[in-house]
Amino acid sequence: MTTTQTQPDFLATAGTMLEWHDNLDRNKPGLLELTGVSQHGRATMSGLNDYDYQSLTFLKADEAHNLQQLRTVSKSGIPNEILEHFKHIKCHCTMGLFPEIGRAWLTIDSEIYIWSYNHARDVAFYDGLSHLIVSVGLVKPREGVFVQDVKNLLVLTTPIEVIVLGVTFGESSYHEMQVMNKPIFVIGTDNVSISVIKGTEDGRIFLGGRDGCLYEIFYQAECSWFGKRCKKINLSQGLVSYMVPSFLKVFSEIDPIECIEIDNSRKLLYVLTEKGSIEAWDIGTDYTCARRLGRITQSDITSQAVGLITTVDPSIFKCVKAICPMKSGDSGKLHLVAVTQCGVRLYFSTVSLNVQQPFSAAVCPQTDNAGLNQSGGQLLLSAGVQTSNGLYLLHVRLPPGYTPNATTNKPRQVHAAHYTEGTMLMVTTQQQEQDLLWSVSSAPSVNFSYLVESTALESLDGVVWGLGEVREETKTLLRSPLNSARASRKVALLTNQGTQIIELLKMTDVLLQILLACNGPHHEEVKMFFQSQNQREACVTALLLATSDKYRGGDITLWATQAFMLYGGEPCFQHQRFLNANNRNLANQTLGPNANITAERGRLPMFMSTPMPNPGGASPTSFPASQYNQPISPIGNMQQSQAINNENSAILFSAKHDGLYLYVSRMLRPIWQLHCVNENLCSKFGPNDCESMLMDLVSLRSFLDVHSVHDISSSTRATFDTHLDRSNGFGTLLMNNSHLPISEQRNLTEQAQVEEKRSLSALNLFIKHASEVISLWNILNNHRFQQICQQLTPEQQKMLRCCTFRDLLLTRSEVCAFLIISLINLYLRDKAGVGDVSSQLRDQCPNLYRHEDAVTSKATELLMTAKNCTSPAEKLQKLRTTLHMCMEAAPTLPLHSICQQFISADFFEGVIELTAVCAAKSDPEEVGIHFYNNGEPTDDREGYTCFVTRMNYYKELQIMLDHVYQTSCNNKSVHDQTKSPTQPKAGPGKASGAAKQAIPKIVQQTLRVKDPLIHVTLYDWLLAHEMLSELLDVVEPSLGEFLRRSVSRSQENVVLIDLLWKYYEKNGHHSHAAQILDNLAMTRSENIALEQRIEYLVRAVMCMRNDNVGSSITNGIFLKELEDKLDIARVQKTLLVDMTALASKKVEAAAAAKELNYALYDISQLYQHFAEPFDLWECQLSILNCSHHNDPLLIESVWGNIINSIVDEPGSIQERSNRLFTKIELLVREYGESGACFPFAFLIRELEIKACQLRLPEGIVPEKLVTMNLDVELLLEYYSRMISMNERVWANEGNEWHLIQSAIRVVSLLADNAQDIWYRSKRRIIGKAQDIVAGCLNICYQKPDTNRLQHLLKELQSRLQRLLV
């Protein structure tokens, strides 16, 4: 536990912990879980429980302290020059807000006045209309349609037309507003009064008509062939509005549109009508994609709400007065909240629900594109991609005042509402000329598994005409949760008296109020704040104040820091944890929905692979519905957690620790998974965002510099512990380790503190590192960022494109290195001095840009000049100078970047020498080489470390070889593409000629280094790239050792074994090569075919017959064994061929063919397991011949089966005859001289019998046998024997004279070729023929009707007699 960790280890530790907290924070219960919809799988209600609403008074220990949730920031009246025009009003006046540009507007008849509500100045007006202004809207224009000066479009409607005006501003942003005199577009209203105008962020304009229809104004830069530049589309009626005149349309009940709200994050639009109906639209990308999702009427809303809440007056659900879209950041599943006149909130979703039990889902009829599912069962949210397909009521929230013990009044006459970040603002009419603002916020109550909200009231100066969120001017583009928690939202309310801006205070403001009221952190209210909140969240809140630039150096910073230290808890083990008595998480408990499930969190010590385990078995990034399946109330949920007494249980870090990690994770969340650059190598992290985040990092780093890890992790909770036992039941501290001795308790506590210090040390180091990385990025942003990236190599550019800021902060330090080098190169290329930028880098990034980097910069400068040298000698001199400079700074210089520079300059020998020097200096005692030479013993940890260090340096050699190889292959690929299609192209694994020239030179230079480990690196690379010939060209003994070790590690690797025998053979070790070849041939493997095994045996025989082997009894025996194996292998090859042919007919044969190909078998196995079971007769004959087996009956049986198998095959008699004698001829050639395996007499008899059976022509057998050049004397002898036997078999086969006819043919052939007979044996052979003729005549004399045969025999007898003369 006390082992020293390196910087990458600390960064990995901090990164793992940060991602844990970030996942936990991202996946905390949302609004869908807090309302109980996710748990119960159906629509829910809330607001009837005493715990549902509370005010900030529960944090007050002193009644004199008044905690505010709302605060009026400023008030401003209507400008006097506008008030003067009220004297001339005739019939109509209305007013509203343009919060997107910080202005209010007022119309008087046909004139409109616009002013800045912050200071009641900069009045602009437009009086170019002759008709009454009915509605007003401000829209952001579409990109590319107007000139850049037109920042907004002012849309005005009169009873007869829609006017679109351009709005411009002065040089300072949103000041000196001017309305263009000439309208851009003028469109007729078709006698439809427009009641509301709303625009999207991408410039689309929507209109709500008094006829209840939704319209869109489509406009474009130029007129098209079939359309105008601007037109009005009726989305509610579609194409009917174009084809049917208005006076012919079907009359229907009219429900005018009163309000339009747009959710830009989801491309959804909501419509509220005068009669309280709500419509949901998917507006898509343009008007052609717009479709209505659903419509729900006021009566449907009321009936469904009454179905959920039956104990209240149904009238409170009537008359919906406002709708507020919920952005995707506010709630992922709930999309819209509607507010009734009595303040009831109705939460809707457009995501379809699977209805499996009778439940009146709030959807419109199917004719209105609703998506209502009528099947029965339980209601479940759709899985997978959530597509909007309707409008569904999921939750009903009653306003304050309906709980049994309510002390507040109920809201009445709500006529406006606004929702932002969990806070709902409702404007009610309490008196005739004065409104009241209600704030209902869930922000102060983040420690509950159900929806708890705090309420606040604010009196207004008059009647509210409009309200909107004030949009603060910000230069940052990325939205950080940390900045959102620090910056309070402001809302502007326009009354008949002017503008009032209200600030919605965050928890940082609440804590600030408490600290100021209590004059420091040592007060009960501060403790109550930490107890009532999740303490991790409370620590984050304290950190926001402690690191704020606004309060730096003042009492607020000091007090917030003291509160963080006092009430941030202490680390402990599981059995020392706090028990929760009221479903509220204390110091050592993480955020969770249920106290007895996930309220208590355990973590493993820092040496474990994960920062903390999940006791419940579920992932920390998910919240199963079962964890939320509880009443929407804390009552009945007060079970105590059971203590874990295992002393090996995980450590529970303190809330201070968790708060710091959560603070950093929220700070970095916008960029954590953000890619550093886009495809064009432009930074995705802009200068303003970068500077803002850098300020936050510097503030936190300063905080940690002042308050060390020891200070944060020290025990400072004495004053807090003594007051933990509160009478109101917030919780009690129970220690369940009383059975342990005091010393052991102390040891466990110290151990937990050590682990927390280690984790905080990792975080501290990470923050310092992150500050330097972001500082570097800021410096790069202040230069020509894209040019800097374009100077990188393609590999580096690819790495940069794939790199996220998470990678940059945790693992990709080399990216920072080559970006710094590229920045320096930018100065060098422009021939500018690098002193200033080098000094700036050293000041802001001392660990990223060290002294060695200065050497690198100088070396880079020399390399840049060397590349521009035209003289090869001068270039080499500068490269050698650079190399010596780097060798002096080795091994602490950035080796990779230097080697990349050398590679780009084709200075390959520099890479080899520099890596060798770095390896030698890092291991001066050559411990790593000794470790390798001793066989890499596992117990030598020091040797292994040095060995790995050296091998890491030599990776640069592999990178260089990869570069050379890939470059040459790419060049070859380009060359191949220019070839004609008929020309052969290089294979994917083949290097081009250039590589074959460059790589051998690198190999020679590498082998000059005496370190065997660099040789191993080289051999590994050559082997990985299949450059086997180049590898075998090496004659170093280290290659043999490398191959031997490689084979011992991978004994089934055929390639390595093949290389080893070739190495032995090439270097004269023929007997070793033969043994390896023998082992290769006998190895059972699917990767070695039988043909290859035979080749191995052939080569082994050749090796053993080499003159250098020498003669010995052992070598002679081994050679004879190899020759025998070779003969048997050839028989096996024959068997494999026949088995493969048989595989198409028998499945077993296919498996047997594979077995024959995977290994070599002895002669008995071949016969018993393959040849005999599958009736492969020829193979059996070959096996018998190879084994010199002398069993006449078995051999004759095999020959008979061969003949029968051929004759039994389908075909005509002629075809079968040809097949038979062709096969016999082949077998005669192979076995004619083999002796026992060629039963000549048996063969003649079997062939004659088959010829008789098939009724073949007379004498065909003798004719075929004679052409096979068999011994004529033996042929006559065997025919003579058969004649003398005079068997009945011929008569049985249907031709009793068949043998006599064949004998006649044998003698005739002899007579015809008598001149070819050797004269010394001529008389003997002719005598044998005469005996055959005599025997045939003797048989014929005994049979009737043999005159013809007798005549032929006598003529043949006479002819033979003449041959003897």
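A short tour of the structure in this document, coming up. Being a predicted model, the structure only gives us computed values, none of them experimental. (Residues numbered from 1 in each chain as written. Predicted model: local features only at pLDDT ≥ 70, side-chain atom pairs only at ≥ 80, totals over all residues. Heavy atoms only, no water.)

### Some points on the overall build of the protein chain
Helix and strand counts for the protein chain stand at 49 helices and 35 strands. Split into buried and exposed, the 1365 residues of the protein chain put 52% on the buried side. Considering only intrachain contacts with a sequence separation of at least 6, the fraction spanning at least 24 residues in the protein chain is 65%. In the form shown here, the protein chain has an accessible surface area of approximately 62,100 Å², with 50% of it arising from carbon and sulfur atoms. (Helix = DSSP H or I, 4+ residues; strand = E, 2+ residues; numbered from the N terminus. Buried < 20%, exposed > 50% of the residue type's maximum accessible area, 1.4 Å probe, protein only. Contact = heavy atoms within 4.5 Å. Areas by Shrake-Rupley, 256 points an atom, 1.4 Å probe, with all protein chains shown as cover.)

### Observations regarding the layout of surface pockets
Taken as a whole, the second largest pocket encloses approximately 1,700 Å³ of empty space. Lining the second largest pocket are 46 residues, with Ser813, Glu814, Ala817, His896 and Glu956 positioned closest to its centre. Elements represented by at least two residues in the lining of the second largest pocket include exactly helix H1 (7-26), helix H20 (794-802), helix H21 (805-810), helix H22 (813-829), helix H26 (895-904) and helix H29 (941-977). Of all the elements, H29 adds the most residues to the lining of the second largest pocket, at 11 residues. Considered class by class, the residues forming the lining of the second largest pocket number 19 nonpolar, 18 polar and 9 charged. (1 Å grid on protein atoms, 1.4 Å probe; cavity = no way out; pocket = protein on both sides within 12 Å on 5 of 7 lines; lining within 4 Å. Points joined across faces, edges and corners; volume = space filled by probe spheres on them. Nonpolar A, V, L, I, M, F, W, Y, C, P; charged D, E, K, R; others polar.)

### Examining the sheet that holds strand E20 (residues 291-296)
Taken together, the 4 strands give an open sheet; going across it, the order is E17-E18-E19-E20, and neighbouring strands pair in antiparallel fashion. Each edge of the open sheet is held by one strand with a lone partner, namely strand E17 (257-263) and E20. Adjacent strand axes in the sheet meet at a mean angle of 20 degrees when their direction is disregarded. Relative to strand E18 (residues 268-273), E17 runs antiparallel, the two being bridged by 6 bridges. Within E18, the residue paired with Cys259 across the bridge is Leu272. (Pairing = 2+ DSSP bridges. Axes fitted to C-alpha atoms, helices over the stretch in contact; angles between N-to-C directions.)

### Considerations on helix H34 (residues 1054-1066)
For H34, which comprises 13 residues, the first-to-last C-alpha distance of 18 Å matches the rise-based estimate of 18 Å (1.5 Å per residue) to within 8%. On the buried face of H34, the contacting elements are helix H31 (1012-1024), helix H32 (1028-1032), helix H33 (1037-1049), helix H35 (1070-1082) and helix H36 (1090-1104). At the C-terminal side of H34, Gly1068 shows a positive phi close to 85 degrees. (Expected span 1.5 Å × (residues − 1).)

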